[in-house]
Amino acid sequence: MKKDLLTTTELSTGEIARILDMAQSFAEGKEWRPKGLRFVANLFYEPSTRTKSSFEVAERKLGLEVIPFEVQTSSVQKGETLYDTIKTLESIGADAVVIRHSIDNYFEELKGRLKIPVINAGDGCGHHPTQSLLDLLTIRQEFGGFQGLKVAIVGDIAHSRVARSNADALTRLGAEVVFSGPPEWFDQDAHSKGYRFVNIDEAVSSSDVVMLLRIQHERHGGNENVYLDSYHRHFGLTAARERTMKKGSIIMHPAPVNRGVEIDDALVECSRSRIFKQMQNGVFVRMAVLQRALENKEGGNKYVIANQKWPVAY
Amino acid sequence: MKKDLLTTTELSTGEIARILDMAQSFAEGKEWRPKGLRFVANLFYEPSTRTKSSFEVAERKLGLEVIPFEVQTSSVQKGETLYDTIKTLESIGADAVVIRHSIDNYFEELKGRLKIPVINAGDGCGHHPTQSLLDLLTIRQEFGGFQGLKVAIVGDIAHSRVARSNADALTRLGAEVVFSGPPEWFDQDAHSKGYRFVNIDEAVSSSDVVMLLRIQHERHGGNENVYLDSYHRHFGLTAARERTMKKGSIIMHPAPVNRGVEIDDALVECSRSRIFKQMQNGVFVRMAVLQRALENKEGGNKYVIANQKWPVAY
Amino acid sequence: MKKDLLTTTELSTGEIARILDMAQSFAEGKEWRPKGLRFVANLFYEPSTRTKSSFEVAERKLGLEVIPFEVQTSSVQKGETLYDTIKTLESIGADAVVIRHSIDNYFEELKGRLKIPVINAGDGCGHHPTQSLLDLLTIRQEFGGFQGLKVAIVGDIAHSRVARSNADALTRLGAEVVFSGPPEWFDQDAHSKGYRFVNIDEAVSSSDVVMLLRIQHERHGGNENVYLDSYHRHFGLTAARERTMKKGSIIMHPAPVNRGVEIDDALVECSRSRIFKQMQNGVFVRMAVLQRALENKEGGNKYVIANQKWPVAY
């Protein structure tokens, strides 16, 4: 069966645990390489330093060949559809594709039409499953599991790719999730699913994990800039709030951090912060997801059967 | 001798056959790698998904190292000539260069001035020899040869990089070529060479290969958009026309396809279509062309003779 | 100790000699590869063909994995600081970073904050140490050493990344350096350091090395274009001036060359010219600098200690 990774919601808790186990093995030094030359294409239709570079490192650690694909210089400029672009990459030998796209659920148009697995590296305001999985791995490394943990997700819930999928996965895994931040960003969807909204001081002081979300200037069109000064005071993790955190509790943030907005500049690398560890774990999670996508294909993209005429009708 | 690949016209039918044989061997699983570390630079001065990615895959399958070169961030912005750019790449160790450029016959200024072979990946409206060769390979795989075949080339002949060079090569190899499409795009050059122009219905129903050309919006400056609706009806491969095709005949297109313009959306992946197989063959043809360029150089780019002073005059 | 390379000024003459020895060994065919998989990231915030490609070739000759980083598509567009970008790359596994940036001394903000070495590939109008080192290597290959040599540096001294650092290093190594070119570009700083300024005819006819600097159109905002015609006549290396050069003397230029401006078109590849040899040497110097940065690190970026909780305060 083709092992796409499109959303965490579609993964059972057992599947999540298996991916985290694989990622943890890579963190502990496991090596795994597919047989023969395997190709992966990374299609990033939106800017990204860390996700793209993280996939690249993961791919090379697995010995994969990466087919470069720059959206700016590609036939996408000639109006080619996403499907035709990926079908092209499949035809020339890609064994898997990693895609980030600005359109929510872009992958719906691909379902059932490709022979190779699709790994979602972020869709619009929708999902970002490898980010969710690296968040889960970081929490599990810290606390050994999820049962009974309290996790506060703070910030721009409405525009976040990971807030809802993290909340869903954490809840299924046994943690309690509360939301905080500006009330207008706590959307109806989250409310209707029964998540609690608490004020920032309670969120910070009572949680095992304080998971900050990034203020996404670029998604708001920049007109939220007026908030930034007051955001930190009202909803940010200030030095004063950090001092109220529980013993052993940790700070997380998907980065890039707006220093002095979501979090005090001095806290970014403090002893509670797992921000850079999240990035490290990102590589291991992506190695796991790529192994999962490739390990069941025996000989790679065996698209061409040499010397054989393709079936011609009539 | 340095083995450039600039145009198919300069290749004898024997040389064409040899390249196709090498490509077919790669399609059948042959492996070939040059000795030692070899570097290839891909210089794409025009957007291209499939050609650039196809060369990249071919290069990596041969174990070559690819020197990245992005026109947007290069010294080309500082006004450097094409010759000086390539001479630089030669100096730092490139063993071959693959070039796509918007200027017809850009390679004329390079002839006799470089030590390393040049592989033309498309020049202006001029040539695109690896596309021609992959078209030929696809036809040969299907019919075993070219003698007695009838090939219809349909569409924007005047702006096509491959229409004339394919017609030339196919004719030399023993096939009959006819052109079709809008009469105003059947240029004087093709006419003067004695090619027949037939109407679309005859072209489709009487040929073994229906080779569609892409409407090149970006080369027409977009002012042909008015044609698109009526183009499909008048000159496109509609579902109705496809039903008149001969038994065993095939459909080809260099892609990217304008679905619903040159060809009915539903026919792109029909049993007659070799469109995605052409892409697969592109990798094998490029492997062959790269092997041809590199196999006669014994130790790679041996530019520096260590410890030896360069000759100083006087 | 972490082996950054930020400027040549901070290198002792012994350290310079050691790097040149290492580079010369690579020129003579030495091979060196670190143990295990090692990652380098190249961050080029300014256009560059030759420096970036040269580093890429050097990295691949050492068997390093290169993490692609395109400024245009990165989170730099989201306002991320240079420090946070590099910290990210360090977190995901980079063992070293190569940086070119338009800001003079950009590396000051990084000092003492990173675990991995930084190699400066050019900062603003400040430094370009690998260019300086490749210039030194080229001179040493030619003359066996520096003692007693006379080197004329000609042109846009004020805006040059290498004029002052080359002058400093050459003087320390025992050569005499004179400057020439438009007097208004001979800045106070050079004057105060005691360098002599001589007219172009004397500079060319009396020196062992005539080192031309590039007219940096893009740094002058283009308003120097009026100079170009007369520049060649007044300050360029014309065919007539070349005929006055000493026996055995050589011509150098960091490239890209403005043919017909700094140097007569026909002299670019004449027997005195070491311009393309400089490019070749650039690869060997960069291999040496990378080896120096990586050889003392035992097992690569060992950032993650698996299974170990990070220290949590309180």
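Residues numbered from 1 in each chain as written. Chains lettered and ligands numbered in written order. Predicted model: local features only at pLDDT ≥ 70, side-chain atom pairs only at ≥ 80, totals over all residues. Heavy atoms only, no water.

1. Describing the sheet that holds strand β8 (residues 209-212) of chain A
Residue and element names in this part refer to chain A. If you walk across this open sheet you meet the 5 strands as β7-β6-β5-β8-β9, and the pairing is parallel. The open sheet has two free edges, formed respectively by β7 (196-197) and β9 (250-252), since each of these has just one partner strand. Two strands pair when backbone bridges link them, and β8 and β9 are joined in this way by 3 bridges, in the parallel orientation. Along β9, the bridge assignment pairs V210 with I251. On top of the sheet, helix α5 (residues 163-172) reaches β5 (150-154), β6 (176-180) and β8; it is set at about 155° to β6, its chief contact. (Pairing = 2+ DSSP bridges. Helix = DSSP H or I, 4+ residues; strand = E, 2+ residues; numbered from the N terminus. Contact = heavy atoms within 4.5 Å. Axes fitted to C-alpha atoms, helices over the stretch in contact; angles between N-to-C directions.)

2. Describing the pairing of β6(A)
Residues and elements named next belong to chain A. By the criterion of burial, β6 is predominantly enclosed, with 4 of the 5 residues buried. Relative to β6, β5 runs parallel, the two sharing 5 bridges. Residue pairing for β6: I153 is matched across the bridge by F179. As for the winding sense of the linkage, the β-α-β connection from β5 through α5 to β6 is right-handed. Direction of pairing for β6 relative to β7: parallel, over a ladder of 2 bridges. By the bridge assignment, V178 is partnered in β7 with R196. (Buried < 20%, exposed > 50% of the residue type's maximum accessible area, 1.4 Å probe, protein only. Right-handed = clockwise from strand over helix to strand, strands pointing away.)

3. Some words on the pairing of strand β4 (residues 118-123) of chain B
Residues and elements named next belong to chain B. Of all 6 residues in β4, 6 are buried, a share of seventy percent or more. Bridge analysis of strand β3 (residues 96-101) against β4 gives 4 bridges, and the strand direction is parallel. Within β4, the residue paired with V97 across the bridge is V118.

4. With respect to the UniProt feature "binding site: L-aspartate" (unreviewed entry) in chain A
All names here are of chain A. Sequence positions flagged by UniProt for "binding site: L-aspartate" (unreviewed entry) are, in local numbering, K78, R161 and R214. On the secondary structure map, R161 appears in the loop between β5 and α5. On the accessibility criterion, R161 (9% relative accessible area) is buried. For R161, the side chain forms a polar contact with the side chain of E46, separated by 2.5 Å. Taking the relative accessible area as the measure of exposure, R214 reaches 5% and is therefore buried. In terms of polar contacts, R214 uses its side chain to reach the backbone carbonyl oxygen of P256, at 2.7 Å. (UniProt positions renumbered as here; feature names shortened; annotations may be inferred. Polar contact = N/O pair within 3.5 Å; in protein donor to acceptor, adjacent residues only side chain to side chain.)

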